[in-house]
Amino acid sequence: MAIKVFYTTLKNKFSLNSIRKTLLFSLLLGLFFISNNLSAQFNEKPVLNLETEDEPLLNWGYYLGFNQYDFKFSYINNAPDILVEKSIGFNVGLIGELRLNNHLDLRFEPGLSYTSRNLGFTGFTEKRDAIREVKSTYINFPLLLKASTKRLGNWKPYLVGGVSTSMNLGSNETSLDDNSAGTFRMKKSVYNYEIGFGIDFYLEYFKFSPSIRGVFALTDELVKDVDPNSPWTGNIDMMQTRGLFINFTFE
């Protein structure tokens, strides 16, 4: 019954039309920037754009993108899984890059990520008890190592990985209310590791880089209810964020 109530509420509550329109706009914008240079970039002898772009010791830029956050749960005893309904959020941030050599760069990417997740708990008949909406605004501080191949004309693939710390402004960690009063609480500080890949495209006036990245929490984020036998948190051993980022970088 609780599962049915959970999905019915989600269907009535979520409208992703505006987010989808924004996502489509960003994808079209990226394709527009690439389309005028794509054929030249993959020629055997293309006209090189921004030939000295990677030579300075320091580089700067910014990124826009989208995310989809999930939770990974570990349980004390065997029980039905907590259901997680994911949605599409957005990312925005700045980039500071320190050149180490021709193939390695150290990157600091402070930014903001907004996401919303809904949790569905079994064993309840009332939807106000079965569903908890978890809205999170993370301020992220990633320190990453970027490993690039040799530049191939006007494009260059790369791998990126490192660690990050995040501050969750919507954690409710200090709230005196818990799930018995309808408030789901999380820890404010989270530590993560990140890994991903992307491609640098050297356009006529700037470098454009689409990338995909996974973000995985290293620490437990759950603040348990006061009641140790809470039907919401009593059986949870650990709760950790998992996230997928799609970013569009401009440098």
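One structure accompanies this document, and this report is about it. All values reported here derive from a predicted model rather than from experimental measurement. (Residues numbered from 1 in each chain as written. Predicted model: local features only at pLDDT ≥ 70, side-chain atom pairs only at ≥ 80, totals over all residues. Heavy atoms only, no water.)

It is possible for side chains of opposite charge to pair when their charged atoms get near one another. All told, the structure shown has 14 salt bridges when counted by the stated rule. Lysine 207 is the partner of aspartate 54 in a salt bridge, and the nearest nitrogen-oxygen pair spans 3.1 Å. In this pair, aspartate 54 is assigned in the loop between helix H2 (17-41) and strand S1 (58-75) and lysine 207 in strand S9 (residues 207-217), connecting sequence segments 153 residues apart. Taken together, the shared-partner salt bridges in this structure form one network comprising Asp54, Glu97, Arg107, Glu109, Lys146, Lys156, Glu194, Asp200, Lys207, Arg213 and Glu251. (Salt bridge = Lys/Arg side-chain N within 4 Å of Asp/Glu carboxyl O. Helix = DSSP H or I, 4+ residues; strand = E, 2+ residues; numbered from the N terminus.)

What follows covers a nonpolar patch on the surface. Judged by side-chain polarity, Leu100, Leu106, Phe108, Phe141, Leu143, Leu145, Val163, Tyr191, Tyr193, Ile195 and Leu218 come together as a nonpolar surface patch covering roughly 1000 Å² of accessible area. For tyrosine 191, a relative accessible area of 46% corresponds to the partly exposed category. (Patch = residues over 30% accessible without salt bridge, like charges linked within 9 Å, V, L, I, M, F, W, Y side chains within 5 Å. Areas by Shrake-Rupley, 256 points an atom, 1.4 Å probe, with all protein chains shown as cover. Buried < 20%, exposed > 50% of the residue type's maximum accessible area, 1.4 Å probe, protein only.)

To continue, consider the pairing of strand S6 (residues 131-148). Two strands pair when backbone bridges link them, and strand S4 (residues 104-108) and S6 are joined in this way by 5 bridges, in the antiparallel orientation. Within S6, the position partnered with arginine 107 by the bridge is leucine 144. Sheet topology places S6 next to strand S7 (residues 155-168); 11 bridges connect them, and they run antiparallel. Residue pairing in the sheet places tyrosine 138 in a bridge with asparagine 168 of S7. The antiparallel hairpin formed by S6 and S7 contains 6 residues in its connecting segment, where glycine 153 sits at a positive phi of about 70°. (Pairing = 2+ DSSP bridges.)

Formed by 21 residues in total, the largest nonpolar core has its most connected members in Phe71, Phe73, Leu119, Phe121, Phe184, Met186 and Met239. Elements supplying a minimum of two residues to this core: S1, S6, S9 and strand S10 (236-250). Phe66, Trp155, Phe201 and Phe250 belong to the second largest nonpolar core, which has 7 residues in total. (Core = buried A, V, L, I, M, F, W, Y, C linked by side-chain atoms within 4.5 Å.)

This paragraph deals with the packing of aromatic side chains. A complete count under the given rule lists 11 aromatic pairs for this structure. Taking the centre distance of 5.9 Å and the plane angle of 55° together, the rings of phenylalanine 71 and phenylalanine 73 count as tilted. Side by side, phenylalanine 71 and phenylalanine 73 carry an identical accessibility label, which is buried. Each ring, one from phenylalanine 208 and one from phenylalanine 250, has its centre 5.3 Å from the other, and the planes form 50°; the classification is tilted. Pair noted here: phenylalanine 208 is in strand S9 and phenylalanine 250 is in strand S10, with a separation of 42 residues, a long-range link. Accessibility classification places phenylalanine 208 together with phenylalanine 250 in one group, the buried group. The residue whose ring lies beneath arginine 117 is phenylalanine 71, and the NZ or CZ to ring-centre distance is 3.9 Å. (Phe/Tyr/Trp six-rings, centres within 6.5 Å; stacked < 30°, edge-to-face > 60°. Lys NZ or Arg CZ within 6 Å of the ring centre and 35° of its normal.)

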